[in-house]
Amino acid sequence: MRPLKQAIYSSRTADKFVVRLPDGMRERIAEVARDHHRSMNSEIIARLEQSLIQEGNLGEELSMRLDSPELSLHERELLQRFRQLSHRQQNALVSLIAHDAEAASSAS
């Protein structure tokens, strides 16, 4: 068993890549990201990651990130299960959590 790389992610250490988007795509991504309660960057990453997972091309990198020492056991399990959900199920779960959070804060 080989040791896992221990990478600390931050926007300063993250790989960067400039992408040229066709006319109108930036606005569409921004709208979808708002609907999913994500930044544009998070939306793009989530969609790329989901695509690579479906094609079976992200296994090792994904497991390394799930084994990050920054995540608790429960967080790892939630993240793994969340990534196995369809996009529609992920959106529904995020909406439910957001609704519960709003309800809890207004009840206080």
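See the structure shown above.
All values reported here derive from a predicted model rather than from experimental measurement.

A. Representation of the overall build of the protein. Along the protein, the regular secondary structure elements total 5 helices and 0 strands. Burial statistics for the protein: of 108 residues in total, 14% are counted as buried. Taking the intrachain contacts of the protein between residues at least 6 apart in sequence as the baseline, contacts between residues at least 24 apart amount to 37%. For the protein, the accessible surface area stands at approximately 9300 Å², while carbon and sulfur atoms represent 56% of it.

B. Structural context of the pattern of salt bridges. By the definition in use, this model includes 3 salt bridges. Measuring nitrogen to oxygen at the nearest pair gives 3.0 Å for the salt bridge that ties Arg 81 to Glu 77. Within this pair, Arg 81 and its partner Glu 77 are both found in helix 4 (residues 73-84), separated by 4 residues, close to a single helical turn. Exposure remark for Glu 77: the relative accessible area of 38% places this residue in the partly exposed category. In the salt-bridge network here, residues are joined through shared partners; they are Arg 38, Glu 43 and Arg 47.

C. Just a nonpolar patch on the surface, in detail. Residues Phe 17, Val 19 and Leu 21 make up a contiguous nonpolar surface patch of about 340 Å² in total accessible area. As for its position among the elements, Phe 17 is in the segment before helix 1 (25-35).

Here is what the cut-offs are and how they apply
Residues numbered from 1 in each chain as written. Predicted model: local features only at pLDDT ≥ 70, side-chain atom pairs only at ≥ 80, totals over all residues. Heavy atoms only, no water. Helix = DSSP H or I, 4+ residues; strand = E, 2+ residues; numbered from the N terminus. Buried < 20%, exposed > 50% of the residue type's maximum accessible area, 1.4 Å probe, protein only. Contact = heavy atoms within 4.5 Å. Areas by Shrake-Rupley, 256 points an atom, 1.4 Å probe, with all protein chains shown as cover. Salt bridge = Lys/Arg side-chain N within 4 Å of Asp/Glu carboxyl O. Patch = residues over 30% accessible without salt bridge, like charges linked within 9 Å, V, L, I, M, F, W, Y side chains within 5 Å.

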